[in-house]
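Reading the structure
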Amino acid sequence: MSIGLDLVPGELALAIEGLPLVDHHAHGVSTQTLPRAAFEALITESDRPVPEWMTQFDSQVGFAILRHCAPLLGLQPSCTPEEYLARRARLGAAEISRTLLGAARIGHFLVETGYRAGEVLGPSGMAELTGVPADEVVRLEAVAEQVAADGCGAAAFARRFEEALWERTRTARGLKTVAAYRCGLDFDPTPPPSEEVTQAAGRWLAAGGGRLDDPVLVRHLVWCGLERGLPLQFHIGYGDPDVDLRRCDPLLLRGLIELAEPTGVPIMLLHCYPYQRNAGFLTQAYPNVFFDVGLGVHFSGARADALVAESLELAPFAKVLFSSDGFGPAELHYLGAELWRRAMQRVLGGFVTEGEWSAAQAARVAAMVGGGNARRVYGLGVPGQPDCDGGA
Amino acid sequence: MSIGLDLVPGELALAIEGLPLVDHHAHGVSTQTLPRAAFEALITESDRPVPEWMTQFDSQVGFAILRHCAPLLGLQPSCTPEEYLARRARLGAAEISRTLLGAARIGHFLVETGYRAGEVLGPSGMAELTGVPADEVVRLEAVAEQVAADGCGAAAFARRFEEALWERTRTARGLKTVAAYRCGLDFDPTPPPSEEVTQAAGRWLAAGGGRLDDPVLVRHLVWCGLERGLPLQFHIGYGDPDVDLRRCDPLLLRGLIELAEPTGVPIMLLHCYPYQRNAGFLTQAYPNVFFDVGLGVHFSGARADALVAESLELAPFAKVLFSSDGFGPAELHYLGAELWRRAMQRVLGGFVTEGEWSAAQAARVAAMVGGGNARRVYGLGVPGQPDCDGGA
Amino acid sequence: MSIGLDLVPGELALAIEGLPLVDHHAHGVSTQTLPRAAFEALITESDRPVPEWMTQFDSQVGFAILRHCAPLLGLQPSCTPEEYLARRARLGAAEISRTLLGAARIGHFLVETGYRAGEVLGPSGMAELTGVPADEVVRLEAVAEQVAADGCGAAAFARRFEEALWERTRTARGLKTVAAYRCGLDFDPTPPPSEEVTQAAGRWLAAGGGRLDDPVLVRHLVWCGLERGLPLQFHIGYGDPDVDLRRCDPLLLRGLIELAEPTGVPIMLLHCYPYQRNAGFLTQAYPNVFFDVGLGVHFSGARADALVAESLELAPFAKVLFSSDGFGPAELHYLGAELWRRAMQRVLGGFVTEGEWSAAQAARVAAMVGGGNARRVYGLGVPGQPDCDGGA
């Protein structure tokens with residue numbers, strides 16, 4: 001059972017409120033003023049136009065924006081969408097972003113740069129805007145598509161991709177794959193033979209490159225990523241309609257997880273909704289698996305405590321992370337953090353008031369999930385001290 | 001977190017209690033006095049005889065009947081099954097139905113007529129009994145089976161079905177398909193070529209017609225339904241043992257949903273238990289998808305708030321509907337409504353007391369889910385005003 | 001909604017605390033003192049070494065041990081793992097087991113003996129240690145593997161297995177199959193023809209016997225088990241990494257359940273996490289299906305109430321059982337019982353305080369799930385009276 005915020009033991013509430021989070025998977029904020037249609041399109045995973053008989057504000061994330069972001073812009077909580085958007089337009093995207101990202105109290109961003117990069121800030125922009133470190137997570141498919149766009153023959157593709165990957169990730173903290181979107185997670189988990197890769201690259205390049213969704217190439221990218229050795233993030237579960245949610249169950253990765261185990265590369269399962277319990281099982285079973293429930297947290301709004309609670313069943317606490325998966329409006333980054341803090345207080349607070357956990361245990365778990373685990377996995381170092389791996 | 005009814009803000013409780021619901025998917029009530037075995041057989045989805053070592057009253061729905069229906073019949077709450085059934089027999093089915101349906105405070109029924117129609121009231125009987133409008137939802141498979149029963153050759157089947165469908169649906173508000181029962185939802189989503197339909201019809205008719213479960217014919221019916229243009233209801237998830245629950249995941253409809261999107265026909269996912277989160281995802285992703293958690297609400301009794309809560313995560317609030325799926329004893333219609341009202345109070349009340357939603361937002365969402373969305377989708381018009389489409 | 005323990009009506013709390021449980025699926029306790037690494041290896045389903053950057057104590061089950069077992073050993077609740085293990089070593093395994101099993105208040109154990117039997121007590125050892133009856137559940141695969149180990153030709157295998165099964169189960173109360181681990185639950189549900197069994201046995205024996213995972217042989221064992229006629233337990237859902245969780249959904253057993261229905265043999269679905277709702281559906285649909293949420297209860301610790309609550313949705317209450325699935329450290333047996341009692345109080349207590357159930361109904365359901373159902377299904381008789389079937 002989770003409890004009301006007013007019942008959370010004060011020291012635990014303070015501890016969670018005061019955590020400098022590590023957002024181990026976010027995208028940049030958008031720097032443009034967003035008209036209503038564009039804003040509504042960014043607060044849903046749907047890529048369809050909003051039907052004229054509804055508004056995306058009538059949703060958990062919409063209500064959460066009006067409730068939690070409005071006061072930060074000087075408005076009443078749960079104001080109207082019109083009031084909110086008018087204030088937003090008046091303040092401008094830069095001011096909004098500064099305010100909301102500041103209120104998110106993130107201590108370190110890992111910014112994934114492979115999605116509509118031109119529309120949002122990159123890591124350095126995020127670092128500049130927030131005054132905290134922001135490192136890059138490189139999307140494998142984006143690197144491969146850039147290799148194709150730069151011109152490349154089939155025979156050279158594998159080598160060119162490998163070179164590009166190492167070049168692009170010199171200072172990166174992690175890798176990301178959207179295999180879930182491109183071919184589903186039910187792909188053959190073995191590394192494809194090089195002749196198959198060349199053939200598949202030939203077909204793809206002959207068709208003009210572009211969106212890489214050939215399962216052989218996706219597998220090749222994943223295995224190059226494992227060889228590269230940085231923590232490898234997988235999109236899991238819920239996303240835009242491009243995703244076949246049935247083929248995004250993390251249990252489908254079992255074969256790959258087992259094959260990847262000897263590499264020691266951390267497999268990071270992102271989002272996971274509604275498969276968070278399956279993800280929790282995998283993290284208990286396999287030492288190389290980690291997960292978070294980002295994205296689902298802000299999209300489920302007042303129900304975020306249910307997701308957070310379900311993520312704390314089978315998983316060892318050293319294997320659960322925090323992310324916002326914010327993209328575009330800084331509202332999503334802020335809500336990812338704010339709703340997580342509130343959910344953690346309700347859920348862990350419930351464990352404590354029910355006499356199941358001590359308050360000290362709860363605060364320690366919150367610190368692990370909120371940042372400590374990510375600092376260890378990505379080698380980020382403790383705030384105010386050099387990184388674990390001596391990097392930036 | 002959901003909260004106790006005693007903590008629900010008074011204005012919200014009143015708003016939800018006072019809603020004239022639209023039950024967008026119900027069957028008729030039974031007009032016969034039901035002996036104990038028959039009654040018990042109707043308060044479970046099992047079609048097996050109740051084992052002699054148990055009673056269906058020992059279940060969530062059984063306890064809910066004794067708790068909520070008994071007082072309406074002048075008995076103590078949570079009386080014994082024997083007391084309940086004795087009172088029920090004494091009052092008679094007509095009186096029971098009037099009492100319970102009246103207490104359900106339904107403002108408009110959409111009655112599906114394709115299942116054991118001879119045992120329960122049809123739309124006009126329901127309208128007469130309740131004094132509120134009751135429109136028809138026509139089951140595609142029942143129309144096709146009637147065409148076969150009336151005598152029809154394979155070559156004529158497609159045309160005859162189309163004629164019969166238009167004739168049968170002149171005043172209908174919606175269509176329903178039980179593809180989930182007949183072939184599972186993992187059917188090929190494309191419209192079948194007419195020669196395949198003729199061949200499949202030939203096989204089916206040669207075998208004497210009867211239960212239509214050929215996947216080609218089911219697909220044909222679904223596509224004829226989409227062409228007819230009324231909102232198309234799909235049985236999803238939980239049902240009787242005839243259903244292979246693994247093949248009733250709404251995610252299996254993704255292909256059809258995408259192919260149907262240009263038609264603009266609303267796809268109504270019914271029941272959905274235990275796949276309500278998957279259904280919520282589909283409603284966020286696709287503008288043409290809607291869903292409810294009827295059936296599961298009364299069968300889960302004291303746990304109905306969990307289902308209702310899970311239905312309010314990803315779904316835009318304009319896409320969630322109410323239904324009872326009551327069939328037979330009016331207890332099921334009443335409990336579908338009563339347990340939904342109680343669950344909504346607990347769940348939305350929790351959002352409000354936790355400071356996540358305003359009470360006004362909560363009341364508005366309850367009104368949308370309870371009736372407004374159905375009125376819009378089915379063109380039912382506002383109470384006291386002409387229908388949106390000018391119909392009855 | 002579940003409620004805090006302090007709000008549970010006193011009579012209900014007393015009733016649940018005082019129940020003599022029937023643990024219808026447990027393994028023996030370990031009789032050796034366990035060094036830390038061995039202890040940590042037994043409080044997770046993972047079979048991998050614990051990474052050096054974490055401890056299994058940082059998990060729900062770890063916290064539950066420190067919270068609930070420590071006081072029984074004279075320590076403060078939520079002490080450190082070091083304190084706990086030091087005290088554990090000082091007291092010794094026998095004393096620990098006596099203390100924790102005594103505190104579990106189990107009235108009757110059914111002990112499954114087919115897993116690492118040499119490391120833990122058998123039924124008579126458990127009976128001696130606890131002073132309550134302990135009967136055997138025989139694992140089909142272990143019997144078959146013993147037949148192979150004893151030397152057996154392919155042609156004789158089927159007969160020899162049948163003889164061994166009847167011999168081994170003369171006083172057994174139930175059978176168990178780990179088909180889920182060996183070939184997944186998506187096996188052909190029909191009994192294999194005897195010539196196929198002989199061929200499969202030939203292949204298996206020629207390869208030296210050992211782990212039996214041929215689907216034909218697994219099916220043969222299951223059907224021999226159904227013929228033997230004792231309640232047949234299936235591992236379902238969550239387990240060690242040997243399990244492909246996707247292939248352990250109980251819905252996969254639908255075909256077998258229907259084929260087995262005429263035999264009247266109770267099909268006992270064990271554990272079921274995270275598929276407890278699917279299991280609940282099956283128990284409503286089919287008279288021959290029963291289930292529990294053991295294992296998941298102690299591994300989810302402070303979240304056990306969520307699992308228990310989800311197990312009480314569709315299932316008739318006569319179909320739900322209690323088990324601990326404890327293996328090795330007696331902490332698991334104790335927590336299986338203690339966390340179940342606490343969860344039942346919170347969940348049923350919530351139903352009562354919310355006015356959905358009467359306290360008498362809640363106490364009766366707790367008694368059914370806690371022991372009465374198992375006594376009926378396994379013919380164990382009421383405490384203090386002869387067994388239903390006149391056996392020991």
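Small disclaimer: the values here were computed from a predicted structure and weren't measured.

Observations regarding the relation of the copies chain A and chain C
Two chain copies here: they are related by a rotation about an axis and a translation along the same axis. Rotating chain A by 120° and translating it 0.0 Å along the rotation axis places it on chain C, where the RMSD comes to 0.0 Å. Classification of the inter-copy transformation places it as that of a three-fold axis. Proximity to the rotation axis, assessed at the C-alpha, singles out A:Met1 in chain A; its C-alpha lies 4.3 Å from the axis. Each copy contacts the other with its own distinct surface, as only 6% of the interface residues of chain A are interface residues in chain C too.

Topic: the pattern of salt bridges
Across all of its chains, the model carries 95 salt bridges over all chains by this definition. Between C:Glu313 and C:Arg277 there is a salt bridge, with its nearest N and O atoms 2.9 Å apart. Of this pair, C:Glu313 sits in the loop between α15 (304-310) and β8 (320-321) while C:Arg277 sits in helix α13 (residues 276-285), placing them 36 residues apart in sequence. Each member of the pair, C:Glu313 together with C:Arg277, is buried. Shared partners join several salt bridges into a network, and the residues in it are A:Glu17, A:Arg105, A:Glu338, A:Arg342, A:Arg346, B:Glu354 and B:Glu356.

Remarks on the pairing of strand β1 (residues 21-26) of chain B
All names here are of chain B. Here β1 lies mainly inside the structure; six of its six residues are buried. One ladder, built from four bridges, connects β1 with strand β2 (residues 106-112); its direction is parallel. In the sheet register, leucine 21 faces β2, and the bridge partner there is isoleucine 106.

Things to note about the sheet that holds strand β2 (residues 106-112) of chain C
Within a sheet, each strand pairs with its neighbour through backbone hydrogen bonds, oriented either parallel or antiparallel. Residues and elements named next belong to chain C. Spatially, eight strands are ordered β1-β2-β3-β4-β5-β6-β7-β8 in an open sheet, and the strand pairing comes out parallel. In this open sheet, the two strands that pair with only one neighbour each are β1 (21-26) and β8. When strand β3 (residues 134-139) meets strand β4 (residues 174-177), the two strands line up parallel, connected through three bridges. Residue pairing across strands places arginine 139 opposite lysine 176, the latter belonging to β4. Across the sheet, helix α7 (residues 140-149) touches β3, β4 and β5 (232-236), and the angle it forms with β3 is around 65°.

Observations concerning the interface of chain C and chain B
Contact residues are listed per partner, giving 36 residues for chain C and 45 residues for chain B. Taken together, both faces of the contact between chain C and chain B bury some 3,400 Å²; the carbon and sulfur share is 53%. Per-residue buried area on chain C facing chain B is highest for C:Met1, C:Arg277 and C:Glu356; these three make up 19% of the total on that side. For the pair chain C and chain B, the interface holds eight salt bridges.

Some points on the interface of chain A and chain C
Taken together, the contact pairs 36 residues of chain A with 45 residues of chain C. Summing the contributions of chain A and of chain C, the shared interface buries around 3,400 Å²; its carbon and sulfur component is 53%. For the interface between chain A and chain C, the tally reads nine salt bridges. With its nearest N and O atoms 2.8 Å apart, the salt bridge here joins C:Arg342 to A:Glu356. If you list the elements that add at least two residues to the side of chain A that touches chain C, you get α12 (254-260), α13 (276-285), α15 (304-310) and α17 (359-378) of chain A. The residue makeup of the side of chain A that touches chain C, split by class, is 18 nonpolar, five polar and 13 charged.

Quick look at the side chain of C:Gln233
All names here are of chain C. With respect to the helices, strands and loops of the structure, glutamine 233 is situated in strand β5. Separated by 2.8 Å, the side chain of glutamine 233 and the backbone oxygen of histidine 24 make a polar contact. In this structure the side chain of glutamine 233 is engaged in a polar contact, spanning 2.9 Å, whose partner is the side chain of tyrosine 378. When sequence neighbours within four positions are dropped, the list of residues in contact with glutamine 233 reads His24, His25, Val137, Leu175, Lys176, Thr177, Met268, Leu270 and Tyr378.

As for the relation of the copies chain C and chain B
Rotating chain C by 120° about the axis while translating it 0.0 Å along that axis superimposes it on chain B, leaving an RMSD of 0.0 Å. Taken together, the interface assignments show that only 6% of the residues at the interface of chain C recur at the interface of chain B, consistent with different surfaces on the two copies.

A short note on the packing of aromatic side chains
For any pair of aromatic rings, the description consists of the separation of the ring centres together with the inter-plane angle of the planes. By the definition in use, this model includes 42 aromatic pairs over all chains. Seen in terms of ring centroids, B:Phe63 and C:Trp357 are 4.8 Å apart; in terms of plane orientation they differ by 75°. Their pairing is edge-to-face. Taken together, the residues span two chains, with B:Phe63 in helix α3 (residues 60-69) and C:Trp357 in the loop between α16 (330-353) and α17 (359-378). We note that B:Phe63, like C:Trp357, is buried. Among the aromatic side chains, those forming a connected cluster through ring pairs are A:Phe63, B:Phe317, B:Phe351 and B:Trp357. We note B:Lys319 situated over the ring of B:Phe290; from NZ or CZ to the ring centre the distance is 5.2 Å.

Some details on the UniProt feature "domain: Amidohydrolase-related" (unreviewed entry) in chain A
In the numbering used here, UniProt assigns the "domain: Amidohydrolase-related" (unreviewed entry) feature to residues 148-380 of chain A. When the span residues 148-380 of chain A is considered, its composition is 52% helix and 9% strand, and the gap between its end C-alpha atoms is 32 Å.

Notes on unusual backbone geometry
For the bond from B:Tyr273 to B:Pro274, the omega torsion is 0°, close enough to zero to count as cis. One non-glycine residue, A:Arg116, adopts positive backbone phi at about 45°. By the secondary structure assignment, A:Arg116 is in the loop between β2 (106-112) and α6 (123-130). With a phi angle near 75°, C:Leu295 is a residue other than glycine that sits in the positive phi range. In this structure C:Leu295 comes out as buried when scored by relative accessible area, which is 2%.

Some thoughts on the packing of α16(C) against α17(C)
Residue and element names in this part refer to chain C. Where α16 meets α17, the closest approach of the two axes is 10 Å, and the angle between their N-to-C directions is 150°. Put simply, α16 runs roughly antiparallel to α17. When the axes of α16 and α17 are compared, the crossing they make is right-handed. On α17, the residues touching Trp340, Met344, Leu348 and Val352 of α16 are Ala359, Ala362, Ala366, Val369 and Gly370. For the contact of α16 with α17, the class distribution of residues is eight nonpolar, one polar and no charged.

Considerations on the environment of C:Leu34
Residues and elements named next belong to chain C. Along the chain, the position of leucine 34 falls in the loop between β1 and α2 (36-42). For leucine 34, a relative accessible area of 13% gives the class buried. Here leucine 34 is in contact with Phe39, Leu42, Arg88 and Pro329, once residues within four sequence places are set aside.

Considering the pairing of β5(C)
All names here are of chain C. Among the five residues of β5, five are classified as buried, and the element is accordingly described as predominantly covered. What you see with β5 is no split at all: Leu232, Phe234 and Ile236 on one side and Gln233 and His235 on the other are buried throughout. Relative to β5, β4 is paired through three bridges, and the arrangement is parallel. Residue pairing for β5: threonine 177 is matched across the bridge by phenylalanine 234. Pairing between β5 and strand β6 (residues 267-271): five bridges, direction parallel. The partner of leucine 232 across the bridge, within β6, is isoleucine 267. A crossover connection joins β5 to the parallel β6 through helix α12 (residues 254-260); in handedness this β-α-β unit is right-handed.

Cut-offs and rules
- Residues numbered from 1 in each chain as written.
- Chains lettered and ligands numbered in written order.
- Predicted model: local features only at pLDDT ≥ 70, side-chain atom pairs only at ≥ 80, totals over all residues.
- Heavy atoms only, no water.
- Least-squares fit on C-alpha atoms with pLDDT ≥ 70 in both.
- Contact = heavy atoms within 4.5 Å.
- Salt bridge = Lys/Arg side-chain N within 4 Å of Asp/Glu carboxyl O.
- Helix = DSSP H or I, 4+ residues; strand = E, 2+ residues; numbered from the N terminus.
- Buried < 20%, exposed > 50% of the residue type's maximum accessible area, 1.4 Å probe, protein only.
- Pairing = 2+ DSSP bridges.
- Axes fitted to C-alpha atoms, helices over the stretch in contact; angles between N-to-C directions.
- Buried area = accessible area lost by both parts, 1.4 Å probe.
- Nonpolar A, V, L, I, M, F, W, Y, C, P; charged D, E, K, R; others polar.
- Polar contact = N/O pair within 3.5 Å; in protein donor to acceptor, adjacent residues only side chain to side chain.
- Phe/Tyr/Trp six-rings, centres within 6.5 Å; stacked < 30°, edge-to-face > 60°.
- Lys NZ or Arg CZ within 6 Å of the ring centre and 35° of its normal.
- UniProt positions renumbered as here; feature names shortened; annotations may be inferred.
- Parallel < 35°, antiparallel > 145°, perpendicular 65-115°, else oblique.
- Left-handed = near helix turned anticlockwise from the far one by under 90°.
- Right-handed = clockwise from strand over helix to strand, strands pointing away.

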